[in-house]
Amino acid sequence: SVGQFQIDLTSSLGKGTFGEVYLGRDTKTFEILAVKVINLKGNEKQVDQITKLCQNECQIMQRLKHPNLVRFYQLQRTQNNIYFMMEYCEGGTLNSYIDKKCQKNQLKYLAESEARIILSQIVNGYQEMYNQNIVHRDLKPSNILMNKGVAKISDFGFSKILSDFDNQVLMTFAGTPLYMSPQILTSQKSRQYSTKTDIWSLGIIFYEVLYGQTPWKASSIQELMIKIQTVPIKFPAIPRVSDQMKQIISKMLKVDEKDRMSWEELFQLQIQHDQESLLN
Ligand code: ADP
Ligand code: MG
Ligand code: MG
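Residues numbered from 1 in each chain as written. Chains lettered and ligands numbered in written order. Predicted model: local features only at pLDDT ≥ 70, side-chain atom pairs only at ≥ 80, totals over all residues. Heavy atoms only, no water.

Colleague: Any chance you could explain the pairing of strand E8 (residues 144-147) here in plain terms?
Modeller: In summary, the side chains of a regular strand alternate between the two faces of the sheet. Along E8, one buried face is formed by Ile144 and Met146 and the opposite face, lined by Leu145 and Asn147, is buried too. Bridging between strand E6 (residues 92-93) and E8 involves two bridges; their strand directions are antiparallel. In the strand pairing of E8, Thr93 is matched with Leu145. Bridge count for E8 against strand E9 (residues 150-153) is four bridges, and the pairing is antiparallel. Pairing of Met146 across the sheet is with Ala151, part of E9. (Buried < 20%, exposed > 50% of the residue type's maximum accessible area, 1.4 Å probe, protein only. Helix = DSSP H or I, 4+ residues; strand = E, 2+ residues; numbered from the N terminus. Pairing = 2+ DSSP bridges.)

Structure (structure tokens):
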């Protein structure tokens, strides 16, 4: 236990880059929570870097209070560990949620009507980040968590408040490049990280939730980059997806940021309640 919190080290909720997330309990309120434990011991060399990253994550999460953003409770530090107390999302990651939902029918995607609800929740969560000038930079299905059917953006480890940009922060993405925008893949150190980087990642997520796969597949970053630039996005005939949704995704996945949909445009759209989806 750490302070008033008990951590159940036998119930891992997931593994991350630097740490592992466990189920925990607040012994005062009896509330169940999720605790990300970052072990500093075997990481002697990286301690400063990891500590900085955690502080950044914690600073950003503290600002974000929204039903579609994972709520942060507290940070605790001991000599060997950093503990991140946060809202427990019992439904797990978006991909595991879809897997569970689709076990019966053996599909890997959601019906459009349900997809729209979840995707609009993600957009709503992002709107709060956008209002606070925060970019996420690591949006992908394993960083979207589900709590009682509600989608929540999580893992703000690579997030950044746009006003205080410093260029030497070179991004060390450990995750999959499948969701990274062309600008990040070619690591153009553009002076400001455009919030449109997150539009790209979300476009890939939209596609995957509706089709059960990502639009481009590759075994290396180079190959992926070439495919993105040369192979136009394809929308399979099955599952059937509305033209409106396809148009939205196409606009979100424009290689050139100038042509790509902006967040303002996306916020204007009624993803959840749409005429066309009711007719289909
Ligand atoms: P990392 O920054 O190392 O990627 P994450 O914060 O994404 O770590 O957490 C890693 C994994 O742990 C997630 O993909 C998810 O499976 C699980 N997890 C993280 N936070 C929670 C939470 N609040 N509730 C439930 N599971 C979680
Ligand atoms: Mg993660
Ligand atoms: Mg992280």
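Colleague: What is the right way to look at the environment of Ile204 in this model?
Modeller: Among the structural elements, Ile204 can be located in helix H5 (residues 196-211). Assessed through its relative accessible area of 1%, Ile204 is described here as buried. Separated by 69 residues in sequence, Ile204 and Val135 have C-alpha atoms that sit 17 Å apart. Each residue touching Ile204, except ones within four places of it in the same chain, is listed here: Leu178, Tyr179, Thr214, Pro215, Trp216 and Leu253. (Contact = heavy atoms within 4.5 Å.)

Colleague: Honestly, unusual backbone geometry in this entry has me stumped. Any pointers?
Modeller: With an omega of 0 degrees, the peptide bond running from Ile238 to Pro239 counts as cis. As for its position among the elements, Pro239 is in the loop between helix H6 (221-230) and helix H7 (243-252). With a phi close to 65 degrees, Phe30 is a non-glycine residue in the positive phi region. Within the secondary structure layout, Phe30 lies in the loop between strand E2 (19-26) and strand E3 (32-39).

Colleague: Is there a simple way to think about the sheet that holds E3 in this case?
Modeller: Strand order in the open sheet formed by five strands is E1-E2-E3-E5-E4, and the pairing between neighbours is antiparallel. Lying at the two open borders of the sheet, with one neighbouring strand each, are strand E1 (5-15) and strand E4 (72-77). Direction aside, neighbouring strands of the sheet carry axes that sit 30 degrees apart on average. When E1 meets E2, the two strands line up antiparallel, connected through seven bridges. (Axes fitted to C-alpha atoms, helices over the stretch in contact; angles between N-to-C directions.)

Colleague: Hey, could you run me through the environment of Cys89 in this one?
Modeller: Tracing the sequence through the fold places Cys89 in the loop between strand E5 (81-87) and E6. The class of Cys89 is buried, set by a relative accessible area of 9%. Spatially, the C-alpha atom of Cys89 lies 28 Å from that of Leu162, the residues being 73 residues apart in sequence. Among residues more than four places away in sequence, those in contact with Cys89 are Val70, Leu145, Met146, Asn147 and Lys152.

Colleague: Looking at this structure, how should I read the coordination of the magnesium ion (ligand 2)?
Modeller: Expected angles at a metal are 109.5 degrees for tetrahedral coordination by four donors and either 90 or 180 degrees for octahedral coordination by six donors. Only Asn143 (OD1) and Asp155 (OD) from the protein reach the magnesium ion (ligand 2) as donors, at distances of 2.1 to 2.2 Å. Between the magnesium ion (ligand 2) and the magnesium ion (ligand 3), a separation of 4.5 Å is found, and both are coordinated by Asp155. With Asn143 in the loop between strand E7 (134-135) and E8 and Asp155 in the loop between E9 and strand E10 (160-161), the pair connects residues that are twelve residues apart, well separated along the chain. (Donors = N, O, S within 2.8 Å, 3.2 Å for Na, K, Ca; no water.)

Colleague: When you look at the site of ligand 1 in this model, what are you seeing that I'm missing?
Modeller: What surrounds ligand 1 is a group of 17 residues, the closest being Gly16, Thr17, Lys36, Glu87 and Asp155. Take Leu13: an N or O atom from its main chain is 3.5 Å from an oxygen atom of ligand 1. In this structure, a nitrogen atom belonging to ligand 1 sits 2.7 Å away from a main-chain N or O atom of Glu87. Bound to the protein, ligand 1 loses 89% of the 550 Å² it would expose on its own. Comparing atom positions with the cavity grids shows ligand 1 to sit within the largest pocket. Mapped by element, the contributors of at least two residues to the shell around ligand 1 are E1, E3 and E5. Among the elements that take part in the shell around ligand 1, E1 stands out by supplying three residues, more than any other. Taken together, the residues that form the shell around ligand 1 break down as seven nonpolar, six polar and four charged. (Near = heavy atom within 4 Å. Polar contact = N/O pair within 3.5 Å; in protein donor to acceptor, adjacent residues only side chain to side chain. Areas by Shrake-Rupley, 256 points an atom, 1.4 Å probe, with all protein chains shown as cover. 1 Å grid on protein atoms, 1.4 Å probe; cavity = no way out; pocket = protein on both sides within 12 Å on 5 of 7 lines; lining within 4 Å. Sits in = over half its atoms within 2 Å of the grid points. Nonpolar A, V, L, I, M, F, W, Y, C, P; charged D, E, K, R; others polar.)

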